[in-house]
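Take a look at the letters that make up each chain.
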Amino acid sequence: MEYLIREKVVLGVSACNFGAPFRYNRKGWDRIKAIGREHSDFIWQAVCPEVSAGLGIPRDPIRIAGGNGDDVWEENARIKNRKGEDVTENLKEACLNTLKMLRSVNAIGYVYMEGSPTCGVYRTTLKNKRLGHPPGLLGSLLLKEGFFLIPAVDLDSPLKWWDWRRRLHAFAWVEQQDIQTKQDLYNLWYTVKFLCQELDEPSARAVGKELASLPKGFMPSYTVDLKRKIMDILRKPSTVSRIKERLWKSYVYYKRATNQEIKDILHPEMQRNMTHITKELIEMERQAFQNGTFFSSAPILYRSEQRINKMIQS
Ligand code: SF4
């Protein structure tokens, strides 16, 4: 098994967060620039279902009347604009076409604009602290289709982005693994086990138990079910304290394995800001990769062929 992703992960992104002024009021943000050079480690596919539905820019804001995005797909709610015009059918068609397009480019994740009745996942309004009626229409489809969903606003926080990025690469890697034997399945689990334990201890324990009690022989159906459970755990964000604890444990292991120190890495109880913690994590990732040790917090890294060849030659 190789613990690297060599192909760039393809991510869909709400176009209004990719620099396009596509919101109903002609607003837009370039949130991708917040992640700096890392943006080129991914292939981005910007989409805007509301514009694809022919609603225009600027346009009347829309809302889901009588339910949420799931209810609209089940024909129990409608989408209307401020004038009361029904735009449901156009928007449904645009969302289905968006999904088809994201699938056609092999996107496994989507960076979404929270608060939108279309792209929102856990909120469909930005008014005050209200949640609206989540998920939105596209959000509902992407949740059902098992996309790795990242709120665009989290790209503004280096630590949150680091957390999303390491889980996304682990998620993509798990999905890609061709499992032929039970041992392959165990190896897959050992690779992401510590990360899963950090994210959701009870669910990780349940997966471990299930693996330990698999019946004799190998059935491909084990793989589908267990991969799905592992990928569900990998969707869950961590917390700052858990990230620091796990970083420290990995660093202790690293020091023992390599006999080397990394001066910037601090004990979990030492106060420092998020930027410093992110720097520690990135340095730990880099050093662990260079020295061939395992960094269990970020077990899967993306490295282009070019970068790997450069490392081999140097
Ligand atoms: S939130 Fe989605 S539908 Fe709304 S403007 Fe942005 S990309 Fe378009």
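Whatever comes next refers back to the structure up there.
The rules behind these values
- Residues numbered from 1 in each chain as written.
- Predicted model: local features only at pLDDT ≥ 70, side-chain atom pairs only at ≥ 80, totals over all residues.
- Heavy atoms only, no water.
- Helix = DSSP H or I, 4+ residues; strand = E, 2+ residues; numbered from the N terminus.
- Rg over C-alpha atoms; globule rule 2.2 N^0.38 Å.
- Contact = heavy atoms within 4.5 Å.
- Near = heavy atom within 4 Å.
- Nonpolar A, V, L, I, M, F, W, Y, C, P; charged D, E, K, R; others polar.
- Salt bridge = Lys/Arg side-chain N within 4 Å of Asp/Glu carboxyl O.
- Buried < 20%, exposed > 50% of the residue type's maximum accessible area, 1.4 Å probe, protein only.
- Axes fitted to C-alpha atoms, helices over the stretch in contact; angles between N-to-C directions.
- Parallel < 35°, antiparallel > 145°, perpendicular 65-115°, else oblique.
- Pairing = 2+ DSSP bridges.
- Left-handed = near helix turned anticlockwise from the far one by under 90°.

Engineer: It is not clear to me how the overall build of the protein chain should be interpreted in this structure. Could you clarify?
Structural biologist: Scanning the protein chain from N- to C-terminus turns up 11 helices and 8 strands. In terms of overall size, the protein chain behaves like a compact globule, its C-alpha atoms giving a radius of gyration of 21 Å where 314 residues would be expected to give roughly 20 Å. Projected onto the principal axes, the alpha-carbon positions of the protein chain cover approximately 70 × 50 × 40 Å. Taking the intrachain contacts of the protein chain between residues at least 6 apart in sequence as the baseline, contacts between residues at least 24 apart amount to 63%.

Engineer: Would you explain the site of the ligand in this entry?
Structural biologist: In the vicinity of the ligand there are 14 residues, among which C16, F22, C48, E50 and C119 approach most closely. Residue composition of the shell around the ligand, grouped by class: 8 nonpolar, 3 polar and 3 charged.

Engineer: Where do I start with the pattern of salt bridges in this structure?
Structural biologist: Oppositely charged side chains are able to pair whenever their charged atoms sit close together. Going through the model one piece at a time under the given rule, you end up with 25 salt bridges. Notably, a salt bridge pairs R166 with D163, separated by 2.8 Å at the nearest N-O pair. Of this pair, R166 and D163 are both found in helix 5 (residues 158-176), 3 residues apart, which corresponds to roughly one turn of the helix. A relative accessible area of 0% places R166 in the buried class.

Engineer: Whenever I open this one, the packing of helix 5 against helix 8 (residues 220-234) confuses me. Can you help?
Structural biologist: Geometry of a packed helix pair, given as the angle between the helix axes and the separation of the axes. At a minimum axis distance of 9 Å, the contact between helix 5 and helix 8 shows a crossing angle of 170°. Taken together, helix 5 and helix 8 sit at an angle that is classed as roughly antiparallel. For the pair helix 5 and helix 8, contact is made by R167, A170, F171, V174, E175 and Q176 and by K227, I230, M231 and L234, respectively. Grouping the constituent residues of the contact of helix 5 with helix 8 by class yields 6 nonpolar, 1 polar and 3 charged.

Engineer: Before we go on, may I ask you to explain the pairing of strand 6 (residues 109-112) in this structure?
Structural biologist: Looking along a regular strand, one sees side chains alternate from face to face of the sheet. With burial as the criterion, each face of strand 6 is covered, one bearing G109 and V111 and the other bearing Y110 and Y112. Summarising the sheet, strand 2 (residues 9-14) and strand 6 pair through 3 bridges and their orientation is parallel. By the bridge assignment for strand 6, G12 is matched with Y110. Relative to strand 7 (residues 148-151), strand 6 runs parallel, the two being bridged by 4 bridges. Residue pairing across strands places Y112 opposite P151, the latter belonging to strand 7.

Engineer: Please explain the packing of helix 9 (residues 240-258) against helix 10 (residues 274-290) as it appears in this structure.
Structural biologist: Closest axis-to-axis distance for the helix 9/helix 10 pair is 11 Å, and the angle between their directions is 35°. Here the hand of the crossing between helix 9 and helix 10 comes out left-handed. Listed contacts from helix 10 to V240, I243, K244, L247, S250, Y251 and Y254 of helix 9 are M274, I277, E280, L281, M284, Q287 and A288. In the contact of helix 9 with helix 10, the residues fall into 10 nonpolar, 2 polar and 2 charged.

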